[in-house]
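Reading the structure
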Amino acid sequence: MIGFLMEGYGWLSNRRRRTTDGVVKTRLLGQPVTALCGPDAARFFYAEGNVHRHGAIPGPVQDTLLGRGGVQSLDGVDHRLRKAMFMSMLSGDGVGLLERLATEAWDAAVASWATRDRVVLFDEVARLLTRAVGPWAGLRPEEVDVDPFAADLVSMVDGFAAAGRRQWQARRARARREAWLTDVIVRARTTAPAPAGSALAAIAEHTDAVGDPLDARVAAVELLNVLRPTVAVCWFVTFAAHALHRWPEHRDRLRDDDPEYAEAFGHEVRRFYPFAPFVAARASRDLEWDKHRIPAGSLVLLDIYGQNHHPRLWPDPYGFAPGRFLERRVGPYELIPQGGGDPRTGHRCPGETLTVALLRALLPMLARLDYEMPDQDVSISLRRVPARPRSGMVLANIRTPALRTT
């Protein structure tokens, strides 16, 4: 664990360079680990029956980022039923509605930014996404105090791989929001029914394999599994601003109303910039990968950061090139910032659809924004997990952009 805390995203890549076949044997939290990388490894990792998630997620990650009892820790029938619940939220007009709410929140925020000397983009986007996803998920506006709620949702993500103050802030944020949303779930089941078709309704009404409703606290965890990842898109929007600062030649094309290029730009942001370092599971039985024995019950890691920067998969992996996603069809086990495989049946994040839609909508709006960049530290430390520009991307002298064409 000390190695990971000291080296961050480079922890597995540094060790892979010392191997002949790319398979890393190391230790994490005192346990033996086999770390894999590459599309074939991702297919092996997500294949039914090879690994399971129960008992693989470290306690500190459950107590900050994911919560206890959520979909990420389930396997088999329980996982499929819970995953179907999440996928139902993304059917029909659900994604489009959240996209509309987010763009409206962006427009309102920009009008406010234009009256201020400067803003920190990371913080502002977290707040506007909270304003959008709260009502979309079924929370009543009068129940949501946006600024502290956004801060808590960000803290849960920001502290999951940290030691010390960031982790304890994340633990307190999760405990506070789980308690509040447990009460919301109870009221939704009794005195204050949730809006029809909302995430709150779907979660409050969900039943498990034997027909029982979710424990109210677990239901609160799952509601946070809708709210938290949506607000975490503020990382990617901030990274996109960083990319436009470093490679301004992409701005003109991004500001055009070309959803295909906007999506490609968003994919390159998710590939290029560091977010999740790896995912973990336990071997369900004795396994073998590329002549390496993986004992039953041992930890198996899939190196997300390493795969998203692998030179055999991504030519010039440390160059920022959105066009690479216009020139090729990317398979389900290649670009894996939010997991690999089929989100409908496997452990790939079901919220990836929302992430891509939000980036496709918001990044052109960012590119059209007229602002200045005052002197600031925009460095990104790969030792800090999750990474982010040190300054949060401070924007100054913001002018309201021209109205979007439709």
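Placed above this text is the structure.
Attention in this report is confined to the structure presented alongside it. This structure is a prediction, so every number in the text was calculated from the model and none was measured.

Regarding the overall build of the chain
On a plain count of helices and strands, the chain comes out with 16 helices and ten strands. For the chain, whose C-alpha radius of gyration is 21 Å, the value lies close to the compact-globule estimate of 22 Å for 406 residues. The dimensions of the chain, computed from C-alpha atoms along their principal axes, are 60 × 55 × 40 Å. A total of 406 residues make up the chain; the buried ones form 56% of that total. Nonlocal contacts in the chain, meaning residues at least 24 apart in sequence, comprise 72% of its contacts between residues at least 6 apart. Accessible surface, the chain: about 17,500 Å² in total, of which carbon and sulfur atoms supply 52%. Where the 53 positive side-chain charges of the chain centre and where its 48 negative ones centre are 5 Å apart.

A word on the packing of aromatic side chains
Scanning the model with the defined rule gives 20 aromatic pairs in all. For the ring pair W247 and F320, a centre distance of 5.0 Å and an interplane angle of 10° mean the geometry is stacked. Note that W247 is positioned in the loop between α12 (233-246) and α13 (251-255) and F320 in the loop between α15 (304-307) and α16 (352-368), a separation of 73 residues in sequence. Each member of the pair W247 and F320 is classed as buried. Aromatic ring contacts, followed pair by pair, group F239, W247, Y261, F265, F272, Y273 and F320 into a single cluster. The ring of W168 carries R171 above its face, with NZ or CZ at 5.0 Å from the centroid. Here the basic side chain of R388 rests over the ring of F122, its NZ or CZ set 4.0 Å away from the ring centre.

Considering the pattern of salt bridges
According to the stated counting rule, one finds 29 salt bridges in the structure shown. Here D40 and R43 are joined by a salt bridge, their closest N and O atoms 3.2 Å apart. In this pair, D40 and R43 both sit in helix α3 (residues 39-46), three residues apart, roughly one turn of the helix. Of the residues examined, D40 reaches a relative accessible area of 51% and is grouped as exposed.

Notes on the side chain of R53
Structurally, the position occupied by R53 is in the loop between β3 (51-52) and α4 (59-66). No salt bridge forms around the buried R53; measuring N to O, its nearest opposite-charge neighbour D75 is 4.6 Å away. If sequence neighbours within four positions are ignored, R53 has contacts with F45, Y46, Q72, S73, L74, D75, A280, A281 and H347.

As for α4
Every buried residue of α4 is accounted for by V61, Q62, T64, L65 and L66. Lining the buried residues of α4 we find α8 (146-158), α9 (165-189) and α11 (216-231). In the stretch just after α4, G67 is the one whose phi turns positive, near 80°.

Describing the packing of helix α7 (residues 121-137) against α11
Between α7 and α11, whose axes approach to 9 Å, the crossing angle comes to 150°. One way to sum up the angle between α7 and α11 is to call them roughly antiparallel. When you trace α7 past α11, the crossing you get is right-handed. Residues A126, L129, T130, V133, G134, W136 and A137 of α7 pack against L223, V226, L227, T230 and V231 of α11. Grouping the amino acids of the contact of α7 with α11 by side-chain chemistry returns nine nonpolar, three polar and no charged.

Reading the values: the criteria
- Residues numbered from 1 in each chain as written.
- Predicted model: local features only at pLDDT ≥ 70, side-chain atom pairs only at ≥ 80, totals over all residues.
- Heavy atoms only, no water.
- Helix = DSSP H or I, 4+ residues; strand = E, 2+ residues; numbered from the N terminus.
- Rg over C-alpha atoms; globule rule 2.2 N^0.38 Å.
- Buried < 20%, exposed > 50% of the residue type's maximum accessible area, 1.4 Å probe, protein only.
- Contact = heavy atoms within 4.5 Å.
- Areas by Shrake-Rupley, 256 points an atom, 1.4 Å probe, with all protein chains shown as cover.
- Lys, Arg positive; Asp, Glu negative; His and termini not counted.
- Charge placed at Lys NZ, Arg CZ, Asp CG, Glu CD.
- Phe/Tyr/Trp six-rings, centres within 6.5 Å; stacked < 30°, edge-to-face > 60°.
- Lys NZ or Arg CZ within 6 Å of the ring centre and 35° of its normal.
- Salt bridge = Lys/Arg side-chain N within 4 Å of Asp/Glu carboxyl O.
- Axes fitted to C-alpha atoms, helices over the stretch in contact; angles between N-to-C directions.
- Parallel < 35°, antiparallel > 145°, perpendicular 65-115°, else oblique.
- Left-handed = near helix turned anticlockwise from the far one by under 90°.
- Nonpolar A, V, L, I, M, F, W, Y, C, P; charged D, E, K, R; others polar.

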